[in-house]
Amino acid sequence: MNCIQCNFEVQKEKRFCSECGASQFLLCPKCNSKSPVGKSFCADCGTSIGIAHTPIKPPASLDVDQKPTVIDESRDAIKGERKVITVLFADIKGSMELIENLDPEDARALVEPALQLMIDAVLHYDGYVVQTTGDGIFAMFGAPVVHEDHAHRALYAALRMQGHLKEYSARIGAKGHQPIQGRVGVHTGEVVVRPLRIGNGQVEYTPIGHSTSLGARLQTLAPVGSIAASEAIRQLCEGSCEFNDLGLSRVKGVTELVKVYEVTGMGKQRTRMQRSAGQGFSKFVGRARELDALKNAAMQMQAGNGQVVAIVAEAGTGKSRLIFETMTEIRATGNVLETSSVSHGKTSYCLPLIELLHLYFAIETQDDEHKRREKVINKITGLDPKLVDIQPYLLNLLKLGASDDTLLEVDERTQELRTWEGIKRLFVRESINRPLTLIFEDLHWIDDQTQEFLNLLADAIGTARILLIVNYRPEYVHQWGNKSYFTQIRLDPLGQSASTEMLGAMLGSNEQLSDLKRLIVEKSSGTPFFMEEMVKALFDDGTLAHDGKVILTKKLDELDIPSSVQAILAARIDRLPSQAKEILQTIAVIGREFPMPLIVSVTGISQDKLEKHLKELQGGEFIYETTVLGERGYIFKSALTQDVAYNTLLVERRKILHERIGASIEAVFPNSIDDHISVLAYHYGRSNNIDLGMQYLTHSGRQKLMDARKTSDLGSVNSFIKSENSDLAPESHTTVSTIDSVESIWRYPVKSMAGEQLASVFVSDKGIVGDRVYAFVDEESNRAAVVRKWAESFLNYHPHFVSEPKSGSEIPTLQIVMPSGETITTSNSDVEERISTAFARKLKLLATAPPGLLIEVPKGTLGGSLSEVTEFPLGGGAPAGAFFDYGCLHLIASSTLDHLQKVYPKGRFDVRRFRPNIVIQSDAAAFIENSWVGRTIAIGNELVLRVSIPCPRCISVTLAQDDLPRDPGILRAIAEQNMCDLGDFGNLPCAGVYAEVIHAGKIQCGDTLRFVE
Ligand SMILES: Nc1ncnc2c1ncn2[C@@H]1O[C@H](COP(=O)(O)OP(=O)(O)OP(=O)(O)O)[C@@H](O)[C@H]1O
Ligand SMILES: [Mg+2]
């Protein structure tokens, strides 16, 4: 047997083609079971599975039978893909009451058809039923097969479900049963979709993630008989469906209140263009040449030379808009009839053609059958009585009942062919009276019958006054290319100046937005739809606002990919043959561009084979060839495609690839490692080999600083600049400016254990009273308990004093709540034993640091050295005998934490990770603390500090503690944002500052901070 997609020979009994990954089975639209291609009926339920149904082709990394190429997938953690999908939960409300007092079989007879209705509605829109329960279903759209309009499909399925349930309820109601009502919840979001083998060679797909739970919760919020949808759904489907705002609801498991909408019906805007028109078009830019080509074709057609014009481009490039822009002129030439295919319409018989005929015969939704028949018959006979023979065929197609027995005499196929022929004659005859323009949009979704009609029409219009305008995406193929009256217009994305003009019209000329505009143009690569959606998303989330002019309300470093754009790109990527897709995902991890030897090394695929797949990717316009580092290489055509491909990979899989890429760079460029340091830092920093990443990162930071120094561009590396005021006399306290206030105060009674938050505290010249007064120290090695491998556990021990410690007095007893919930007390003699047992090493509780006590930190994290294990004595800038790493007070500004949170939104920049003593509420720039170094600051009425040095950060900020997960990205974000040259310590990632106390005093939350001189 040969593959139905690529014709490669497929081994007997195998379900997928080993060459292109296409499934060799058809999916039954009713029961979802698979039948071999070529069969007409499902062997399980007898439903027709004729040519209309496309084979399921699971995406590369969801296909469990696909032989892995780039990565060995034997580990569970890397199976599956991240996907944005729509989940749908539906159940029968009050099913218990419904079947109360019924025999189980009678109950089944009542409930089962309702369940089947729900399943049918999901399958009708190509959804996937994940699970059925006794009285409900859980389905998803957008996986395992990706659909760019997954949210729309889910809502259409939900509406269909509710419609059919109402009909069913009325039917059983007539028989005296209780009515049946359903509730549906729909939500769109990111999940991990994992394939699970369930025996018999069958595979099931399960979405896992918070979005799934939210979908389920929405269902419970749906009014009975109705559909509840989230804000994410509304944003995607506004216009296509009608929404009724149900306000904010508290949803279990979600911190913030959730906006809920009731979906009340279909909207008026079926196509994207209609939706765009509804929201107001952007100013039309560029496309002068293409407009001329269309106008020229219209002129030719008027002169009696029929024309076929095809506009081809990727989604969102402006095919429909180009047609729209010529409409006024084309309408002036004569009749215009427009129709389009819809993505879920491939299986709907002649949908676009029927829509076109409705327009032609002016059939309105409210017309009854009689009226419709009348309109058809009158129009045909009025046009030309000789066309009377086509009447029965057209009436039949429009489901208006044939007027005589003509159709009974011919078989179905002949009927079909005569119907197409009849419509063709009708239009050709019409064009004799008045020129006729027929517009068929989105042929990539066309059904086979409409296609057959179009082929017939295209053959016949060369000498008619008919202009056939079609548009489609590049994957569509047709057979009109060799006709002399065929013109293809290939739309490229907008160029730089047209894109800038379009954004200028949308955002105005505010200078503040120029960087943003540049970023949008770069990311969208000139695809107008992507530009529009990005701007819309920025308005939706409040980043942009209207205030007389468009303004930016907050600083923006990264652009999120709107889910509408993500859906289009993910669907494109998923249509790739499996190996090509996997290669695309792999190179997306390498970067925007990549030299050939590196791809060969990373993928481990021979150059010959690789060339073939890269050609596929080039053909699909994902990448194009270029020169990279003097070698032949490739570059992603669009940064967004790279981002989306990268985002589909599970984090674990990305980590493996990043490490492999790091190793490949080292192997491919052994003699020029220095040129690749920052790239190596980037890849290792995102891999499981964080230590190596940190080594390169430190090195990379130093290199950046040196480069910047050469060009005097210190700003670019956020350099630490020593203040000239560092030797100011502490006594002369004159306020020079106020810097915000104290947000929170923290104390850490035991070094490396969790801290306690305080409302106020006394700060002595040795720091906050009671801070780091104890440490558990390894007796043998004389090291404090901060070593990475056990610090993680230490952070989950919560110490607190039984009474407030006082400066100069004995340290009060400390209670330590262990992770088990048990409390131990420092006054009890077994405290050391309990902790030693918990950590399986002999630990001593000390209240004074012995001389030479070391702290261990991972290689290269501090000290900047690449090879040495770094250990350094405690308390460089702190009083002798204390357990401080460096200075005795540690400050951090809230603006620094906020900024880090923004640049790495997935990380949790919780104060607890940073272990500061004082968090300063500040609206100033991020890392403002760098500029405080050397300055004298007064807090409240008494305390005066001098800031000594930025606080270098090591692995400890990344550690898990209590509810915070382990997250190397935290340190990475700091390193990317704020490398500081700390002299002998090297060039290090820093956040916050250390300070020494110049004048002791009490502080409390809300106290103001002032620079004093
Ligand atoms: N030249 C242009 N100037 C300004 N806006 C444009 C231009 N071209 C397209 N747009 C806008 O971009 C959006 C997408 O355009 P359009 O719907 O025509 O894309 P398409 O190629 O038809 O996409 P699809 O394949 O998904 O149907 C629309 O909102 C449209 O108004
Ligand atoms: Mg379009």
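Everything quoted here is computed from the prediction, not taken from an experiment.

Rules of the game
- Residues numbered from 1 in each chain as written.
- Chains lettered and ligands numbered in written order.
- Predicted model: local features only at pLDDT ≥ 70, side-chain atom pairs only at ≥ 80, totals over all residues.
- Heavy atoms only, no water.
- Helix = DSSP H or I, 4+ residues; strand = E, 2+ residues; numbered from the N terminus.
- Buried < 20%, exposed > 50% of the residue type's maximum accessible area, 1.4 Å probe, protein only.
- Contact = heavy atoms within 4.5 Å.
- pLDDT = per-residue confidence, 0-100.
- Pairing = 2+ DSSP bridges.
- Phe/Tyr/Trp six-rings, centres within 6.5 Å; stacked < 30°, edge-to-face > 60°.
- Axes fitted to C-alpha atoms, helices over the stretch in contact; angles between N-to-C directions.
- 1 Å grid on protein atoms, 1.4 Å probe; cavity = no way out; pocket = protein on both sides within 12 Å on 5 of 7 lines; lining within 4 Å.
- Points joined across faces, edges and corners; volume = space filled by probe spheres on them.
- Lys, Arg positive; Asp, Glu negative; His and termini not counted.
- Salt bridge = Lys/Arg side-chain N within 4 Å of Asp/Glu carboxyl O.
- Polar contact = N/O pair within 3.5 Å; in protein donor to acceptor, adjacent residues only side chain to side chain.
- Near = heavy atom within 4 Å.
- Areas by Shrake-Rupley, 256 points an atom, 1.4 Å probe, with all protein chains shown as cover.
- Nonpolar A, V, L, I, M, F, W, Y, C, P; charged D, E, K, R; others polar.

### Considerations on the overall build of the protein
Each helix and strand in the protein was counted, giving 29 helices and 40 strands. Here the protein holds 1013 residues, and 53% of them are scored as buried. Long-range pairs, those at least 24 residues apart, make up 68% of the contacts in the protein with a sequence separation of at least 6.

### A word on the confidence of the model for the protein
A residue-level look at the protein finds 82% of positions with pLDDT of 70 or above and a mean pLDDT of 81. In the model, residues 63-68 has pLDDT below 50 throughout and makes 14 contacts with residues more than four positions away in sequence or in other chains. Contacts from residues 785-789, a stretch scored under 50 in pLDDT, to residues over four places away or in other chains number 15 contacts.

### Notes on the pairing of strand E25 (residues 775-778)
Side-chain alternation along E25 places Ala775 and Val777 on one buried face and Phe776 and Asp778 on a second face that is also buried. When E25 meets strand E30 (residues 843-846), the two strands line up antiparallel, connected through four bridges. Its bridge partner being in E30, aspartate 778 is matched across the sheet by leucine 843.

### A few points about the packing of aromatic side chains
Considering all chains together, one arrives at 15 aromatic pairs under this definition. Between tyrosine 128 and tyrosine 205, the ring centres sit 5.8 Å apart and the planes meet at 75°, which makes this aromatic pair edge-to-face. Within this pair, whereas tyrosine 128 is found in strand E4 (residues 128-133), its partner tyrosine 205 is found in strand E7 (residues 203-208), the two being separated by 77 residues in sequence. For tyrosine 128, a relative accessible area of 14% corresponds to the buried category. Relative accessible area serves as the criterion here: at 10%, tyrosine 205 is assigned to the buried category. Through a chain of ring-to-ring contacts, the aromatic side chains of Tyr360, Phe361, Phe427 and Phe453 assemble into a single cluster.

### Description of the sheet that holds strand E13 (residues 436-441)
The sheet built from five strands is open, its strands ordered E12-E13-E14-E11-E15 with parallel pairing. Every interior strand has two partners, whereas the edge strands, strand E12 (335-340) and strand E15 (486-490), have only one. Averaged over all pairs of adjacent strands, the angle between their axes in this sheet comes to 15°, without regard to strand direction. Set on the sheet, helix H12 (residues 412-433) makes contact with E12, E13 and strand E14 (466-472); between it and E13 the angle comes to about 135°. Together, strand E11 (307-312), E13 and E14 form the strand contacts of helix H13 (residues 448-460), whose direction differs from that of E13 by roughly 145°.

### Notes on empty space enclosed by the protein
The gaps left among the atoms become clear once a water-sized probe is rolled over them. Counted under the stated rule, the structure contains five cavities of 30 Å³ or more. There is about 70 Å³ of room inside the second largest cavity. Every residue along the wall of the second largest cavity is listed here: Lys83, Val84, Gly142, Val146, His150, Gln566, Ala567 and Ala570. The set of elements that each furnish at least two residues to the lining of the second largest cavity consists of strand E3 (81-93) and helix H17 (563-574). Looking at the lining of the second largest cavity, the element that brings in the most residues is H17, giving three residues.

### Overview of the side chain of arginine 913
Within the element layout of this structure, arginine 913 appears in helix H28 (residues 911-914). Despite its burial, arginine 913 pairs with no opposite charge, the nearest such side chain being aspartate 967 at 4.9 Å. In this structure the side chain of arginine 913 is engaged in a polar contact, spanning 2.7 Å, whose partner is the backbone oxygen of proline 965. The residues touching arginine 913, leaving out its near neighbours within four places in the chain, are Arg908, Ser956, Val957, Thr958, Leu959, Gln961, Leu964, Pro965, Asp967 and Ile970.

### Section: helix H9 (residues 351-360)
Turning to H9, its buried residues are Pro352, Leu353, Ile354, Leu356, Leu357 and Tyr360. Packed against the buried residues of H9 are E12, helix H10 (369-383), helix H11 (391-397), H12, E13 and H13. Directly beyond the C-terminal end of H9, a positive phi value near 55° is found at alanine 362.

### Some details on the site of ligand 1
Neighbouring ligand 1 are 23 residues; Arg272, Gly316, Lys319, Arg321 and Glu532 lie closest to it. In this structure, threonine 317 approaches ligand 1 through a main-chain N or O atom, which is 3.2 Å from an oxygen atom. Contact between ligand 1 and arginine 473: an oxygen atom at 2.8 Å from a side-chain N or O atom of the residue. Contact with the protein chains covers 98% of the free accessible surface of ligand 1, which is 620 Å². When residues of the shell around ligand 1 are traced back to their parent elements, those giving at least two are helix H6 (272-279), helix H8 (319-333) and helix H16 (528-540). Looking at side-chain class alone, the shell around ligand 1 contains nine nonpolar, five polar and nine charged residues.

### Topic: the environment of isoleucine 816
By the element assignment, isoleucine 816 lies in strand E28 (residues 814-817). Sequence-wise, isoleucine 816 and histidine 798 are 18 residues apart; in three dimensions their C-alpha atoms are separated by 5.4 Å. Once you skip the residues sitting within four places of it in the chain, isoleucine 816 turns out to touch Met753, Phe776, Tyr797, His798, Pro799, Glu822, Thr823 and Ile824.

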